[in-house]
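Working through the structure, step by step
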Amino acid sequence: KHKFWETQPVGQYKDVGNTSLPEGPIELPTPLDEVKQEPYNLPALYEWVTCDIDSEETCNEVYSLLTNNYVEDDENMFRFNYSKEFLRWALRPPGYFKSWHIGVRVKASKKLVAFITGVPAKIRVRDEVVSMAEINFLCVHKKLRSKRLAPVLIKEVTRRVHLENIWQAAYTAGVVLPTPITTCQYWHRSLNPKKLIDVGFSRLGARMTMSRTIKLYKLPDSTITPGFRKMELRDVPAVTRLLRSYLAQFAVAPDFDENDVEHWLLPEENVVDSFLVESPKTHEVTDFCSFYTLPSSILGNQNYTMLKAAYSYYNVSTQTPLLQLMNDALIVAKQNDYDVFNALDVMHNESFLKALKFGPGDGQLHYYLYNYRIKNALKPSELGLVLL
Ligand code: YNC
Ligand code: MG
């Protein structure tokens, strides 16, 4: 059934429940000089390129490929619209490799028609910290679908990851592949219910009027927790300590150092926002919350073209109840004009979703590891990893 994935070192369906197989790498690394030195073959009309995301022109081309051809919802009403600033942030973390930003162009016209990326990350799986690639932004132009180009892109990024002596990867997808380490659900909290209903993102509930709905989702004008403020550069050491000790409890989570925290969590306008609670008495940083900005294009609506969405990222509560912390996150998202606040049911998110009036979304997000076996699928609440 999965002609490509059956050939790959991933957890296979036939092995589900086979407890004799050990956790850990499925295949051993090969000596680097045995890694294929030449790129995989593409159909004759196409060529490989390394995309220089620092170049304004290349970044524009990647942006328009994704804006027009990347992930849509099941009903094709919305399509992710990652901003150029976001792409630059997502693709240039500490230690990134340019060679992992891979494009396919038409030889004759140089038009960019496919893309896949990796970035390096240290991910802890139970007691082991593993060097991995996080694979994202796999995209084939709509006119070139179902021609088995995706497996070639995946094999080429794998080859280039191997050339850096990295043998494992993490990725998420809306489709079911062999075999998820866990399956998560998105939950949505309306901030601008009228717009969400107008564009068909949500529907008026039974026995609800528009004005009752607006009242239901109304939030205070300003945050409630004393000492709640935006994260700054000087907070990086404290936030790193807080996050490391919090993430230690999950079966799979990133192993962040201060450089990672500075890159992934220091606020950058319209890309990532982070807030913390600094105790007014002790000036200790006790709590932390963050979200990233990922708008979606609204396809074929007369009145609106863009949905402004915030996605819950990493949150840590030690003194402020998580519910109150996330309520403050909703308040700042509302202040900054987001239409909706999205969260997965990972980490401790279940504990606030219903109480803060999030509703379950349709469609699921499956998490995968490449060349690393997990014995039993995890519960979403055992996962401490959010991919972009
Ligand atoms: C997918 N999303 O099953 P089988 S997520 C992985 N991730 O193979 P074709 C996928 N594999 O089943 P199309 C996949 N979607 O026969 C499909 N596949 O074994 C598999 N959509 O290839 C599929 N972006 O080229 C099948 O399909 C084979 O033309 C079919 O292209 C697929 O970024 C795609 O959703 C997704 O642009 C490119 O539909 C295209 O349909 C598209 O005939 C809209 O492919 C955008 C979209 C995917 C977002 C993402 C994560 C990707 C992870 C890739 C796997 C990484 C493995 C680790 C590598 C490093 C290893 C080290 C070390
Ligand atoms: Mg194809």
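What you see is a predicted model; the values in this text were computed from it and never measured. (Residues numbered from 1 in each chain as written. Chains lettered and ligands numbered in written order. Predicted model: local features only at pLDDT ≥ 70, side-chain atom pairs only at ≥ 80, totals over all residues.)

Description of the overall build of the protein
Scanning the protein from N- to C-terminus turns up 9 helices and 17 strands. In terms of overall dimensions, the protein is globule-like: its C-alpha atoms have a radius of gyration of 21 Å, near the 21 Å expected for 388 residues. Overall size of the protein, expressed as C-alpha extent along the three principal axes, is 60 × 50 × 45 Å. Going through the 388 residues of the protein one by one, you find that 36% of them count as buried. (Helix = DSSP H or I, 4+ residues; strand = E, 2+ residues; numbered from the N terminus. Rg over C-alpha atoms; globule rule 2.2 N^0.38 Å. Buried ≥ 20, exposed ≤ 12 C-beta atoms within 10 Å, placed from the backbone.)

Notes on the domain arrangement of the protein
Under the domain assignment used here, the protein contains domain 1 (5–173) and domain 2 (183–382). A separation of 26 Å is found between the C-alpha centroids of domain 1 and domain 2. Between domain 1 and domain 2, the contact holds 41 residues from the first and 36 residues from the second. If you list the elements that add at least two residues to the side of domain 1 that touches domain 2, you get β2 (78–80), α2 (84–91), β4 (112–125), β5 (128–140) and β6 (168–173). Considered class by class, the residues forming the side of domain 1 that touches domain 2 number 23 nonpolar, 9 polar and 9 charged. (Domains from an automatic or database assignment. Contact = placed C-beta atoms within 7 Å. Nonpolar A, V, L, I, M, F, W, Y, C, P; charged D, E, K, R; others polar.)

Some remarks on the site of ligand 1
Surrounding ligand 1, one finds 35 residues, the nearest of these being H2, F4, L138, A150 and A169. Of all the secondary-structure elements, those providing two or more residues to the shell around ligand 1 are β5, α3 (149–162) and β6. Looking at side-chain class alone, the shell around ligand 1 contains 24 nonpolar, 7 polar and 4 charged residues. (Near = placed C-beta within 6 Å.)

Focus on the confidence of the model for the protein
Summarising the model, the protein shows a mean pLDDT of 98, and 100% of its residues fall at 70 or more. Here strand β17 (residues 359–370) is the element of the protein with the lowest mean pLDDT, 96, and β5 is the one with the highest, 99. On the interface metric, ipTM, the complex scores 1.00, and its pTM is 0.98. (pLDDT = per-residue confidence, 0-100.)

Considerations on the sheet that holds strand β13 (residues 306–307)
If you walk across this open sheet you meet the 3 strands as β2-β12-β13, and the pairing is antiparallel. Every other strand in the sheet has two partners, leaving β2 and β13 as the edge strands with one partner each. Two strands pair when backbone bridges link them, and β2 and strand β12 (residues 296–298) are joined in this way by 3 bridges, in the antiparallel orientation. Its bridge partner lying in β12, F80 is registered against S296. (Pairing = 2+ DSSP bridges.)

Brief notes about the environment of F291
Mapped onto the secondary structure, F291 falls in strand β11 (residues 285–293). As for F291 and L265, which are separated by 26 residues in sequence, their C-alpha atoms are 8.9 Å apart. Discounting residues that sit within four places of it in the chain, F291 has contacts with D273, A310, Y311, S312, Y313, A329 and A333.

A short note on α2
Considered for burial, the residues of α2 that qualify are F86, L87, A90 and L91. Considered in projection along α2, the buried side chains sweep an arc of 115° and stay on one side of the axis. Tucked inside the fold, the buried residues of α2 contact α1 (56–69), β3 (101–106), β4, β5 and β11. (Arc of directions from axis to C-beta.)

Examining unusual backbone geometry
A positive phi is found at R126, a non-glycine position, where the angle reads about 50°. For R126, the position within the fold is in the loop between β4 and β5. Using a count of 11 C-beta atoms within 10 Å as the deciding quantity, one classes R126 as exposed.

Topic: the nonpolar core
Core analysis: the biggest nonpolar cluster contains 99 residues, and F115, V239, L243, A329 and A333 have the highest contact counts within it. It is β4 that provides the largest number of residues to this core, a total of 9 residues. Once you skip the residues sitting within four places of it in the chain, V239 turns out to touch M231, V261, L265, L276, V285 and F288. (Core = buried A, V, L, I, M, F, W, Y, C linked by C-beta atoms within 7 Å.)

Regarding helix α7 (residues 258–265)
The set of residues buried in α7 consists of V261, W264 and L265. What you see down the axis of α7 is that its buried residues fit within an arc of 85°, all on one side. Considering only its buried residues, α7 is in contact with α6 (236–247), β10 (272–278) and β11.

Some details on the pairing of β5
In terms of strand pairing, β4 meets β5 through 11 bridges, oriented antiparallel. Of the residues in β5, the one forming a bridge with A114 is V140. Hairpin connection, β4 to β5: the antiparallel pair is bridged by 2 residues, and R126 has positive phi, about 50°. Of the strand pairs in this sheet, β5 and β6 are connected by 3 bridges, and their pairing is parallel. If you follow E134 over to β6, its bridge partner there is A170. In this fold, β5 hands off to α3, which returns the chain to β6; that crossover is right-handed. (Right-handed = clockwise from strand over helix to strand, strands pointing away.)

Let's talk about the pairing of β3
Remember that side chains alternate between the two faces of the sheet whenever the strand is regular. Where strand β1 (residues 46–50) lies against β3, 5 bridges are found, and the strand directions are antiparallel. Within β3, the residue paired with V49 across the bridge is G103. Here β3 pairs with β4 via 5 bridges, running antiparallel. From the neighbouring strand, I102 faces β4, where its bridge partner is I116. Between β3 and β4, which follow one another and run antiparallel, lie 5 residues, and K110 among them has a positive phi close to 65°.

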